[in-house]
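One letter stands for each residue in the lines below.
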Number of protein chains: 2
Amino acid sequence: MSIYLHDIPLSQAQARLREALQDAELWRMLGVESIPLNENALGRVTAEPIWALVSSPHYHASAMDGFAVIADKTNGAQPSSPISFLLKESSTQYVDTGDPLPDWANAVIPIENVESLDENGDITSDIRQPSFIRIRAAVAPWSHVRPLGEDIVATQLVLPKGRILRPADLGAIAAAGYQEIKAARKPKVAILPTGSELVPIGSKLKSGDILEYNSLVMAAQVKAMGAEPTRYPITKDDFDSICQRVQEAAQTHDLVLLNAGSSAGAEDFSARVVEKLGQLLVHGVAVRPGHPVILGMVKNELGIRSDETGNLIPIIGVPGYPVSAALTVDIFVESILAKWLGRRPNELPTEMATLTRKIVSPAGDDDYVRVAVGKVGDKLLAAPLSRGAGVITSLVQADGLALIPSGVQGLDAGEQLKVHLYRSKAEIERTIFCIGSHDLTLDLLAQFLAEHDRRFASANVGSQGGLIALRRAEAHLAGSHLLDPATGGYNISYIRQYMPNIPVKVVALVGREQGLLVKKGNPKGVKNLGDLSKPHVQFVNRQRGAGTRVLLDYHLSTLGLSADSIIGYTQEEYTHLGVATAVASGRADCGLGIAAAAQALDLDFIPLFQERYDLVIPKEYAEGDLLAPLFGLLAESEFRDAVSHLKGYDVSVMGTIILED
Amino acid sequence: MSIYLHDIPLSQAQARLREALQDAELWRMLGVESIPLNENALGRVTAEPIWALVSSPHYHASAMDGFAVIADKTNGAQPSSPISFLLKESSTQYVDTGDPLPDWANAVIPIENVESLDENGDITSDIRQPSFIRIRAAVAPWSHVRPLGEDIVATQLVLPKGRILRPADLGAIAAAGYQEIKAARKPKVAILPTGSELVPIGSKLKSGDILEYNSLVMAAQVKAMGAEPTRYPITKDDFDSICQRVQEAAQTHDLVLLNAGSSAGAEDFSARVVEKLGQLLVHGVAVRPGHPVILGMVKNELGIRSDETGNLIPIIGVPGYPVSAALTVDIFVESILAKWLGRRPNELPTEMATLTRKIVSPAGDDDYVRVAVGKVGDKLLAAPLSRGAGVITSLVQADGLALIPSGVQGLDAGEQLKVHLYRSKAEIERTIFCIGSHDLTLDLLAQFLAEHDRRFASANVGSQGGLIALRRAEAHLAGSHLLDPATGGYNISYIRQYMPNIPVKVVALVGREQGLLVKKGNPKGVKNLGDLSKPHVQFVNRQRGAGTRVLLDYHLSTLGLSADSIIGYTQEEYTHLGVATAVASGRADCGLGIAAAAQALDLDFIPLFQERYDLVIPKEYAEGDLLAPLFGLLAESEFRDAVSHLKGYDVSVMGTIILED
């Protein structure tokens, strides 16, 4: 058995599965159950059209508190020539709102239009039980009456089949005479995580342990789609154990999601399991991430569907990487569950957006790229997030998903692409898009801004990249700390060079200590930049265009040190935490970065330079409503205090206006 | 105590309640609870920011199945000059995807790029445990490795506070080392229906009984907002009983919704209850529907919140009419629950739409008008639905809500208004907008079209109104059955007169029998149109512009009968079912209408005339994608059969093209 997968196009894979379901008579609503009409019916799907059993109102009801009359008898009533009615004679009768109209009456006069009189003809306070009433205007037939059937007429269609029930729908069904409804039965989905390296969430971790949380994510997805998930315990990588678990699950569920480990070897396992227990339909789909997808049918021996002619149920071998797993469920499971529930598949709203960075995409695959989305000026922008199939945070941060079809090999920055949005337009319009240099305070800023009704999305492309993004009107602000060697100042000369025609406001955020991050105890004895040239010292750098790299290069040149002499100079990280992680995990012995990053990962820090980190803001956004809370935070003590708790930050400069055009 | 209410503007009412909550220290997140990290955490709101406890990956992991190596040692490998590594010497080691990288290694070569050799140097099938591996290209340091922290770095912010948890969020929290989360506690909302005329849903109804379903709708709304509803049994209209129930509910809940009957008298009750048990803040709000709203605070004697300094909880007196009740919850309860949950209040997306019909709106009230929304050509249209506060089906049919502010006295047809949409744009674009004459087959059409991925919204304005709507490009099609007395034919002369410049396709839907609808047994002995002039016969008519009215007037004039001689000629209904209901309930003795309407309400029917009912479709929509399923249905036997089961329909003409420009 070859370990190589045979990717087929996505549409073909979906078609094969649909045909197999049709052959098994499973491409239809799964079943119907009667459920009580209470708040738990919310979100269920009607299995049949609902025709009214009764009318609503079911009798002619008074629409006001007032007096029932025969309309014709009020003709001629005028302010100057009123007409009186005697209650005792039953030519009028008090009715409350909702009371049935007496058989002889065909109109109601609201109580405020009536003078209530006692037997002497004087105004009485007993307004509901006077002797007489006196009116000074006529009423038309059926005024102030809610006639039988005003809302619902018996036999009319109240709701069609396939409707996802909303609160008002439940009320209408009740008004139409029901106390239970026929709803589509909830499909049962079994989720089987497999892998000997997997450990349950919350476990204490040793090297090589992988936390099993795909089943958690998939269970939540399945639940949101309207089905009932069952999460099975982890099954180790043993062929017979997996087969047994799958057979067990197949007996009591409608769909099995078999979550493999991430290796090609592991998918091989899943494919062999499906072949042994049923039919393997698809082994590999040309989508990225997520191509090691297996689609098949397995036997459902005892079955929960005694009315079924076939005894096969679908099984999906879900890839092990978290993003792949989640996207596999969105791509393949949603359409099956929608069909089984008799509802339309959920569609994300789409918008066209401008790409902020080039995307490379393998030619043979449908590539699902996670993007952050912001609105800058009139433009909707999409900034690609991490492409890694294991990077669950790319789904957490994603505002949407863009599909780069298999024919296309990538898109350039500035091109338009269609984004399927996870977030509403209103949320996107509350998002502050920050592109530029990474700083740890940006995390804190995001946290504080969330409590001021703003989302803060930051993309780390380095200081220079930030200024260029501003020039292209692709961000609201940029973090920057580019040292100008000529002046010893920061940012201004670069701003004038990269974005000459854009009026800006530059505000200092923090002073920062830059220095060398080393493992605790400084085992390699690194003391200064000169030590970087030592042969036993492995360095890790920042990417080109990063302010930290500019700082490094400046000082290296001042010291007469050559980049070539530094082992690891070409190893690049995009963030301070990335540098810290490289040092903490032993990938490098040292890197240049900020004190707070060392503190975060418990590293030693050798301070070298002070610098200033500014926020560069085009004037049109600086004066706008979107960024107003940000300026508020810079002035508040709460945010300053939080930042000052991080090592190496000088908050005394926070909010200082460096430049204002 | 005056029974008249004192309406204050909405914003003022909301402000008073918010201030009272602030004074009671209740304008904040209500509380925090630890919940397990499983699929039930979906939709919960984070009570605190979540900082990563561990990194993910938490070790350097192989990203592929392959062989770990020291990258530098691969330098110089070429297709023509390969390099070999001996496993025994530990200069290489097999690793599966996800395995930890050995301490000495810093790269992985994928297995497909490796030749696995036995001890003789020949290719072996034991690809994972060969004696040697041979490579023909160098690898860069850290290739095919998922480094520690690639996804999440310990201490970084994973999710901010106030986030509504989605599936991927749960995965990220698990990856960050958690197995439970601090979520905002769910507020408990007590729902108390009151009214002696109320009966539980499903009850057998006698005249005057009102089905109690407001508590069902409100419980579903509250649940959808993320809180826990408790529906109390109906409390009769007894002051002391209501007070007792409210006090009981206040002890174990955070919010009480006291649902009064609909009369001004009943709200009075609620206001007195609130005054007795706490503070009455607002008695009447200038919103329509829904103005008899009461806002107040009541004492929470024992309390569930032992950490609270105050012991008051909010109470809302909700009006009795169903639409008023549902809107009161949307307007007042959502913002309180959002604050208590620490999340942002839900906002419906908005769009500007063109009004299809004039709306009159009381000057002093903020008027919430329910509208159906469709897209015709490029225009988004809003057709006002029933304004009745008791008409729950107006909320079922509503695609959105438009606010006519208190300063505005109404809007004309053709004016723009802002609609808060309940449905997505995609759903609206799948909606076929039919305006014109009412027919019972339209209900069936809606049902069948729902299974062909189309919504069918029909507004009944009569045949003439339909043609005018088409002329104004405000519908996709119109139902019409206007008799041309000159020719004896239908519709065409009117089409040319009302919409001369619009190319159309006219398709016959059904032949219909029109005649007199009378109570079973025909107690008034009505046999023909001549009998309508008899003094003991009460007629009910259709509205001006209705094809049925045109038919009536034509035949009256043919018979030399005067409209003045007919009692009830000026009483108008908008639909055949409306006429049938009027006769069935005794409001009238007879009306002119179709046989199927008589059948629906079990009336006798005196057939008089045959007519044809057509669908008039502007050519641009006739040829478009939206209406394609409709034409499909006209040709299918399933739809025809369903229609032929209704009395008095001739389906032999269905689908016949009457006219095609």
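Quick caveat: nothing in here was measured; it's all calculated off a predicted structure.

> For this particular structure, what's the right way to read the sheet that holds strand β13 (residues 188-193) of chain A?
Adjacent strands of a sheet form backbone hydrogen bonds with each other and so pair up, either parallel or antiparallel. All names here are of chain A. One open sheet accounts for six strands, arranged β16-β13-β17-β21-β20-β18; its pairing is mixed. Both edges of this open sheet fall to β16 (228-231) and β18 (278-283), since each of them pairs with a single strand only. For this sheet the average axis-to-axis angle between neighbouring strands, irrespective of direction, equals 20 degrees. Pairing between β13 and β16: four bridges, direction parallel. In the sheet register, V189 faces β16, and the bridge partner there is P229. Together, β13, β17 (255-259), β20 (294-299) and β21 (312-318) form the strand contacts of helix α4 (residues 239-252), whose direction differs from that of β13 by roughly 170 degrees.

> Is there a simple way to explain the packing of helix α3 (residues 214-224) of chain A against helix α6 (residues 322-341) of chain A in this structure?
Helix-helix packing is described using two parameters, namely the angle between the two axes and the distance between the axes. Residue and element names in this part refer to chain A. Where α3 meets α6, the axes come as close as 10 Å, and the angle between the chain directions of the two elements is 25 degrees. Here α3 is positioned roughly parallel relative to α6, judged by the angle of their axes. The interaxial crossing formed by α3 with α6 has right-handed handedness. Only P322, A325, A326, V329, D330 and L337 of α6 make contact with α3, whose side of the interface consists of N214, V217, M218, Q221 and V222. Across the contact of α3 with α6, the residue classes break down as eight nonpolar, two polar and one charged.

> What is the right way to look at the pairing of β13(A) in this model?
Two faces, one strand: in a regular strand the side chains alternate between the faces of the sheet. Residues and elements named next belong to chain A. With five of six residues buried, β13 is to be regarded as a mostly interior element. Both β13 and β17 contribute to a ladder of five bridges, which runs parallel. Following the sheet pairing, I191 is matched in β17 by L257.

> Is there a simple way to explain the nonpolar core in this structure?
Soluble globular proteins tend to pack their nonpolar side chains together in the buried interior. In terms of nonpolar packing, the biggest core is built from 74 residues, with A:F456, A:I617 and A:F639 touching the most fellow members. With residues near it in sequence (within four places) discarded, A:F456 still touches A:I432, A:C434, A:L442, A:L445, A:A446, A:L449, A:L477 and A:L630. Judged by nonpolar contacts, the second largest core, of 73 residues, contains A:V153, B:L442, B:F448 and B:I617.

> What is the right way to read the interface of chain A and chain B from this model?
Contact with chain A, which involves 103 residues of that partner, is made by 103 residues of chain B. Surface buried jointly by chain A and chain B totals about 8,300 Å² across both partners, of which 62% is contributed by carbon and sulfur atoms. Summed over the three residues of chain A that lose the most area to chain B, namely A:E39, A:V396 and A:R587, the buried surface amounts to 7% of that side. One salt bridge in this structure joins B:R344 and A:D453, with 2.1 Å as the shortest N-O distance. For the pair chain A and chain B, the number of links is 22 residue pairs in polar contact (both at pLDDT 80 or more). Considering each element in turn, the side of chain A that touches chain B owes the most residues, eight residues, to helix α2 (residues 167-175) of chain A. Taken together, the residues of the side of chain A that touches chain B sort by class into 55 nonpolar, 24 polar and 24 charged.

The rules behind the values
Residues numbered from 1 in each chain as written. Chains lettered and ligands numbered in written order. Predicted model: local features only at pLDDT ≥ 70, side-chain atom pairs only at ≥ 80, totals over all residues. Heavy atoms only, no water. Pairing = 2+ DSSP bridges. Helix = DSSP H or I, 4+ residues; strand = E, 2+ residues; numbered from the N terminus. Axes fitted to C-alpha atoms, helices over the stretch in contact; angles between N-to-C directions. Contact = heavy atoms within 4.5 Å. Parallel < 35°, antiparallel > 145°, perpendicular 65-115°, else oblique. Left-handed = near helix turned anticlockwise from the far one by under 90°. Nonpolar A, V, L, I, M, F, W, Y, C, P; charged D, E, K, R; others polar. Buried < 20%, exposed > 50% of the residue type's maximum accessible area, 1.4 Å probe, protein only. Core = buried A, V, L, I, M, F, W, Y, C linked by side-chain atoms within 4.5 Å. Buried area = accessible area lost by both parts, 1.4 Å probe. Salt bridge = Lys/Arg side-chain N within 4 Å of Asp/Glu carboxyl O. Polar contact = N/O pair within 3.5 Å; in protein donor to acceptor, adjacent residues only side chain to side chain.

Note that every value here comes from positions in space, so none of it alone points to a role or purpose.
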